[in-house]
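Overview (structure and organization)
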Amino acid sequence: MPTTLTLKNIPDEVYERLKVAAEAHRRSLNSEAIVCLETVLTPTKIAPSERLARARQLRAGLSTTKFRARDIDTLKKQGRP
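In what follows, the accompanying structure is described. What you are looking at is a predicted structure, and each value in this text was computed from that prediction instead of being measured.

This paragraph deals with the layout of surface pockets. Empty pockets left among the atoms are what a rolling probe the size of a water molecule brings to light. The calculated volume of the largest pocket comes to roughly 340 Å³. Around the largest pocket, the lining is made up of 13 residues, and of these Leu5, Leu7, Asn30, Ala33 and Ile34 lie nearest the centre. Listing elements by their share of the lining of the largest pocket, those giving two or more residues are helix H1 (12-24) and helix H2 (29-41). Take the lining of the largest pocket: its biggest share by element is 5 residues, from H2. By residue class, the composition of the lining of the largest pocket is 10 nonpolar, 3 polar and no charged. The volume enclosed by the second largest pocket comes to roughly 180 Å³. Lining the second largest pocket we find Leu7, Ile10, Val14, Leu18, Ala33, Cys36 and Leu37.

Analysis parameters
- Residues numbered from 1 in each chain as written.
- Predicted model: local features only at pLDDT ≥ 70, side-chain atom pairs only at ≥ 80, totals over all residues.
- Heavy atoms only, no water.
- 1 Å grid on protein atoms, 1.4 Å probe; cavity = no way out; pocket = protein on both sides within 12 Å on 5 of 7 lines; lining within 4 Å.
- Points joined across faces, edges and corners; volume = space filled by probe spheres on them.
- Helix = DSSP H or I, 4+ residues; strand = E, 2+ residues; numbered from the N terminus.
- Nonpolar A, V, L, I, M, F, W, Y, C, P; charged D, E, K, R; others polar.

Okay, structure coming up:
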C-alpha cells in the first residue's frame, strides 16, 4: 500500500520549478514530485546494446537533410540545444 509523505519547508525556488515542470508535463504537483523522486532514487540501468539500439532508432527517424557545422554553431549561439 502506498505511503503518504508530507514535505515541509520546501524552498520557494524548488516549489516553483516543480510547479512549472508539473504544468509542462500536465501532472499534478504530487505526481510530478513522485516522478522526480523515482527518477533520482530508482534509476534504470540500460545495457549498452539497448542504448545503441535506441540511438540507431532515433537516428533513423531523423531527416535526411545534412546539418553543416556552421548551421549547428549558429543554432547554439541562438540558445537552441
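The structure having been displayed, the exposition proceeds.
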